[in-house]
Amino acid sequence: MIEYEGQYPVYEISASKIKSNAQKIYELCKSNGIEPAGVVKGFSAIPQVAELFIEAGFKTLGDSRLKEIVRLRSCNIKADLMLIRIPMPSEIPELVRYADSSLNSEIATIRLINEEARLQGKIHGIVLMADLGDLREGFFDSNEVIKAAKGIESLDSIRLLGIGTNLGCYGSIKPSEENLGELCRLAERVEEQIGRRLEVISGGASTSLPLLINGKMPPRINHLRIGEAIITAKDLPYLWNVEMPGIYRDPMVLKAQVIEIKQKPSFPVGEIFVDAFGNKPIYKNRGMRKRALLAVGHKDTGDVTKLKPRHEGVEIIGSSSDHLILDVEDYKGELNVGDVLEFDTFYSAMIFLCSSDCVRKVVV
Ligand SMILES: Cc1ncc(COP(=O)(O)O)c(C=O)c1O
């Protein structure tokens, strides 16, 4: 294990594993007629890591935060940049200046982008979002997509690249042959109306990969926006029961330091009210147990249940903002204050860890 002088917690990112995963996913997509965009927001677009996506073949990087897109541009990143959250009207000048394209669902916003792009002498690419039932962004009525597409065609500084959808984020809707087939049929209706073929039919994110792996992706889907499957690769096999051959599941690891080890009762003593977050957790009385306190908490991880200890006999029993509490009674090794324990991270923990100023990110 690499030892770090100075500040823990450390979030260690393996460059070789990320690059290998990015290459495998890129090749999987390309061999199925899909040009994927690499989504870098999960690791806060750390430029050194974003660069690995490009080395792996990705031509476009996507991010939901314009601030991160601006940072990538200022690092002179050699890729097209796509804003994958519907733009705020207040960020349009920066959007046009720094991003090449964006996902959109509001005609008024698209008109503002058009005006700004004309002022800056640019053409901005637009992917119109259709909501197929997940109920986050996008036109819910397919006729509205067609109407918007026809309207955009007459704008002088906008290029309608195509249409897309997002699934599995709010409504937990699974991408399927049916809903992505519906997207393809909608694309064909748009094409009929505008009299040309769309460049992009964007069929979602990492959660659409199971369809691809199982050979069920509708053939006209030619674009996906992939982050998670490259950078954590934990959630897909675990939550979606999808094996991803050759993909490293552990390109990132959290390392946190032990600050206290004590034998304590497992059931709190006194009147139980609420915890630091106003919740009423259930405590199990297992008698006296050996516990370790680590200097990392919900503030860094969002939710410590999205961490998975790498050590046998180590169990997460709770956390406050700053303290992770482990039951280490069954840990076979010797554990002392100052030791460092390792954790795999699921997607949500990864985004918090990468966003936290208090967590040192190290690319190895
Ligand atoms: C619109 C959109 N597309 C694609 C992605 C990438 O998702 P994933 O990292 O699960 O592949 C996201 C995630 O933030 C998103 O919001």
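Predicted model, so just to flag it, every value in this text is computed and none were measured. (Residues numbered from 1 in each chain as written. Predicted model: local features only at pLDDT ≥ 70, side-chain atom pairs only at ≥ 80, totals over all residues. Heavy atoms only, no water.)

Caption draft 1: Structural view of the overall build of the protein. Looking only at helices and strands, one finds twelve helices and 16 strands in the protein. Its C-alpha atoms give the protein a radius of gyration of 23 Å, near enough to 21 Å, the size a compact globule of 364 residues would have. In terms of principal-axis extent, the alpha carbons of the protein reach across some 75 × 40 × 40 Å. For the protein, buried positions account for 52% of its 364 residues. Partitioning the contacts of the protein with sequence separation of at least 6, the portion at a separation of at least 24 is 64%. For the protein, the computed accessible surface area is about 17,100 Å², with 50% contributed by carbon and sulfur atoms. The distance from the centre of the 46 positive side-chain charges to the centre of the 50 negative ones in the protein is 1 Å. (Helix = DSSP H or I, 4+ residues; strand = E, 2+ residues; numbered from the N terminus. Rg over C-alpha atoms; globule rule 2.2 N^0.38 Å. Buried < 20%, exposed > 50% of the residue type's maximum accessible area, 1.4 Å probe, protein only. Contact = heavy atoms within 4.5 Å. Areas by Shrake-Rupley, 256 points an atom, 1.4 Å probe, with all protein chains shown as cover. Lys, Arg positive; Asp, Glu negative; His and termini not counted. Charge placed at Lys NZ, Arg CZ, Asp CG, Glu CD.)

Caption draft 2: Inspection of the packing of aromatic side chains at higher detail. Counted under the stated rule, the structure contains four aromatic pairs. Aromatic pair F43 and F53: ring centres 5.7 Å apart, planes at 45 degrees, arrangement tilted. Highlighted residues: F43 in the loop between strand 2 (37-39) and helix 2 (47-55) and F53 in helix 2, separated in sequence by ten residues. Just as F43 is buried, F53 falls in that class too. Arranged with centres 6.4 Å apart and planes meeting at 85 degrees, the rings of F267 and Y283 form a pair that is edge-to-face. Separated by 16 residues along the polypeptide, F267 in the loop between strand 10 (252-265) and strand 11 (288-294) and Y283 in the loop between strand 10 and strand 11 bring together distant segments of the chain. Overall, F267 belongs to the partly exposed group, its relative accessible area being 34%. What links up through ring pairs into an aromatic cluster is the set Y26, F43, F53 and F58. (Phe/Tyr/Trp six-rings, centres within 6.5 Å; stacked < 30°, edge-to-face > 60°.)

Caption draft 3: A look at the domain arrangement of the protein. Parsing the protein into structural domains produces domain 1 (32-232) and domain 2 (252-363). Here the C-alpha centroids of domain 1 and domain 2 sit 37 Å apart. With ten residues of domain 1 at the interface, the matching set in domain 2 holds ten residues. Around 830 Å² of area is buried between domain 1 and domain 2 when both sides are counted, 70% of it from carbon and sulfur atoms. By the criterion of area lost to domain 2, the three top residues of domain 1 are G42, I231 and T232, representing 41% of everything that side buries. Taken together, the connections running from domain 1 to domain 2 amount to zero salt bridges. At the junction of domain 1 and domain 2, the tally comes to two residue pairs in polar contact (both at pLDDT 80 or more). (Domains from an automatic or database assignment. Buried area = accessible area lost by both parts, 1.4 Å probe. Salt bridge = Lys/Arg side-chain N within 4 Å of Asp/Glu carboxyl O. Polar contact = N/O pair within 3.5 Å; in protein donor to acceptor, adjacent residues only side chain to side chain.)

Caption draft 4: Just the pattern of salt bridges, in detail. Counted under the stated rule, the structure contains 20 salt bridges. Here R310 and E342 are joined by a salt bridge, their closest N and O atoms 3.5 Å apart. Taken together, the residues span a long stretch of sequence, with R310 in the loop between strand 12 (307-309) and strand 13 (315-319) and E342 in strand 15 (residues 340-345) at a distance of 32 residues. Owing to a relative accessible area of 32%, R310 belongs among the partly exposed residues under this scheme.

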